[in-house]
Amino acid sequence: MGARDDIDVNIYEQAAHFAEIGAGISMLPRAWDILKKLGLDAVLEEVATNSPSDRPGTFAIHRLVLCLCSQANIPILDLIFQFRKSDQSEGFAFTEVDTKGKALYLSLYLRAN
Amino acid sequence: MYIAGRGGIRDFHHAEFQKALLKHLPPTCTTHLSHRLTSYVEGDSSVKLNFENGVVADCHVLIGADGIKSVVRSQLMKDRADKAGVDRSTETIDVIWSGTSAYRGLIQSHVLVTRMPNHRTLTIPTMVRFSSSRNSIFFV
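This write-up is about the structure you can find in this document. (Residues numbered from 1 in each chain as written. Chains lettered and ligands numbered in written order. Predicted model: local features only at pLDDT ≥ 70, side-chain atom pairs only at ≥ 80, totals over all residues. Heavy atoms only, no water.)

Here we look at the overall build of chain A
Part 1 of the argument: Secondary structure assignment for chain A yields 3 helices and 5 strands.
Part 2 of the argument: Along chain A, from the amino end to the carboxyl end, the secondary structure elements read β-β-α-α-α-β-β-β.
Part 3 of the argument: Among the 113 residues that make up chain A, the fraction classed as buried is 33%.
Part 4 of the argument: Put simply, chain A shows about 7200 Å² of open surface, and 56% of that area lies on carbon and sulfur atoms. (Helix = DSSP H or I, 4+ residues; strand = E, 2+ residues; numbered from the N terminus. Buried < 20%, exposed > 50% of the residue type's maximum accessible area, 1.4 Å probe, protein only. Areas by Shrake-Rupley, 256 points an atom, 1.4 Å probe, with all protein chains shown as cover.)

In structure tokens:
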């Protein structure tokens, strides 16, 4: 930020002070690219509650995904979302979303049994 | 199946994110608190801003980042509707409730570990559960 010193920016905020409230923000790649261009990526990495590479859960990736990854020479991905059908006594996961570093993938999840 | 571009997802707490941005504002950037926009007037070469506290300001470019009940968006849409000769009462300018409610609750993870040590939420980062009448999302 501040690369252009010929543009004055005024930020108007209705609140009397910047409050310590609010929930979580999940930022997708496009928004992150903009912040990177503003030179804020290093600053924001410090306050991020995760980074795509430190996700737990590689253990939870389905065999099919691992197989596809090895065939396509894609690095093993980290699970970020699991979609689960829950309106029956035994629910089951049907889709997972995985991410690592440079890509976000949606993988179809097949029921194990 | 490839669904998005580069970089993965990053999570932040809203307050921490805002603090980091404010700390790194350049000297050309000024913040004005207690300024609630009530209306704007588009001129030939500038935009006049009217605030609830009586302040009037000018700018060349107005960016409305004022949330779901955005004054900027609402006025822009109404002005466009008037200019186009469209009956604004039939346009979806104001926010309309979809009829769906969402509830949010917090459980301390150590309590969950004690009571349900094998709960899926503890090992799966984010879980979206679907059922016929309601959906829920869990994360740690």
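The structure having been displayed, the exposition proceeds.
Re the packing of aromatic side chains
Part 1 of the argument: Counting across every chain of the model gives 4 aromatic pairs over all chains.
Part 2 of the argument: Residues A:Tyr12 and B:Phe51 carry aromatic rings whose centres are separated by 4.5 Å and whose planes lie at 40° to one another, so their mutual orientation is tilted. A residue pair is termed interchain when its members come from two chains, as with A:Tyr12 in strand S1 (residues 9-12) and B:Phe51 in strand S5 (residues 47-51).
Part 3 of the argument: Centroid distance A:Phe83 to A:Phe94: 6.5 Å. Interplanar angle 45°. Geometry classified as tilted. Residue A:Phe83 is found in strand S3 (residues 78-85), and its partner A:Phe94 is found in strand S4 (residues 92-100); the two are separated by 11 residues along the sequence. (Phe/Tyr/Trp six-rings, centres within 6.5 Å; stacked < 30°, edge-to-face > 60°.)

Looking at the side chain of B:Gln75
Residues and elements named next belong to chain B.
Part 1 of the argument: Residue placement: glutamine 75 occurs in helix H2 (residues 71-84).
Part 2 of the argument: By relative accessible area, which is 16% here, glutamine 75 ends up buried.
Part 3 of the argument: In this structure glutamine 75 touches Ser39 and Tyr40, once residues within four positions along its chain are discounted. (Contact = heavy atoms within 4.5 Å.)

Digging into the environment of B:Asn135
Residues and elements named next belong to chain B.
Part 1 of the argument: Tracing the chain through its elements places asparagine 135 in strand S8 (residues 135-139).
Part 2 of the argument: Assessed through its relative accessible area of 54%, asparagine 135 is described here as exposed.
Part 3 of the argument: Sequence separation between asparagine 135 and alanine 102 is 33 residues; the distance between their C-alpha atoms is 9.4 Å.
Part 4 of the argument: When neighbours within four sequence positions are excluded, asparagine 135 is seen to be in contact with Arg129 and Phe130.

Details of the sheet that holds strand S4 (residues 37-42) of chain B
Residues and elements named next belong to chain B.
Part 1 of the argument: Across the sheet, 3 strands lie side by side as S4-S5-S6; this open sheet has antiparallel pairing. Both edges of this open sheet fall to S4 and strand S6 (56-59), since each of them pairs with a single strand only. In this sheet, neighbouring strand axes are inclined to one another by 25° on average, regardless of whether the strands run parallel or antiparallel.
Part 2 of the argument: Direction of pairing for S5 relative to S6: antiparallel, over a ladder of 4 bridges. (Pairing = 2+ DSSP bridges. Axes fitted to C-alpha atoms, helices over the stretch in contact; angles between N-to-C directions.)

Here's the deal with the nonpolar core
Grouped burial of nonpolar side chains is what soluble globular proteins tend to show.
Part 1 of the argument: Ranked by size, the top nonpolar core spans 10 residues in total: A:Met27, A:Trp32, A:Leu35, A:Leu40, A:Val43, A:Leu44, A:Ala48, B:Phe12, B:Phe17 and B:Ala20.
Part 2 of the argument: Looking at this core, the elements with two or more residues in it are helix H1 (29-37) and helix H2 (41-47) of chain A together with helix H1 (14-23) of chain B.
Part 3 of the argument: One finds B:Tyr40, B:Val47, B:Phe51 and B:Ala57 within the second-largest nonpolar core, a separate group that totals 8 residues. (Core = buried A, V, L, I, M, F, W, Y, C linked by side-chain atoms within 4.5 Å.)

Quick notes on H2(B)
All names here are of chain B.
Part 1 of the argument: Between its first and last C-alpha, H2 extends 20 Å over 14 residues, near the 20 Å set by a 1.5 Å rise per residue.
Part 2 of the argument: Tucked inside the fold, the buried residues of H2 contact S4.
Part 3 of the argument: Sitting at the amino-terminal end of H2 is serine 70, which places a side-chain oxygen 3.3 Å from the backbone nitrogen of valine 72. (Expected span 1.5 Å × (residues − 1). Polar contact = N/O pair within 3.5 Å; in protein donor to acceptor, adjacent residues only side chain to side chain.)

Details of unusual backbone geometry
In most cases, non-glycine residues show a negative phi, while peptide bonds are predominantly trans.
Residue and element names in this part refer to chain B.
Part 1 of the argument: Even without a glycine there, the phi angle at serine 34 is positive, about 55°.
Part 2 of the argument: Relative to the helices and strands, serine 34 is located in the loop between strand S3 (29-32) and S4.
Part 3 of the argument: Of the residues examined, serine 34 reaches a relative accessible area of 36% and is grouped as partly exposed.

Considering a nonpolar patch on the surface
All names here are of chain A.
Part 1 of the argument: A cluster of nonpolar side chains, namely Ile7, Val9 and Ile11, defines an oily patch on the protein surface of about 210 Å² accessible area.
Part 2 of the argument: Looking at the secondary structure, you find isoleucine 11 in strand S1.
Part 3 of the argument: On the basis of relative accessibility, which here comes to 31%, the residue isoleucine 11 falls in the partly exposed class. (Patch = residues over 30% accessible without salt bridge, like charges linked within 9 Å, V, L, I, M, F, W, Y side chains within 5 Å. Salt bridge = Lys/Arg side-chain N within 4 Å of Asp/Glu carboxyl O.)

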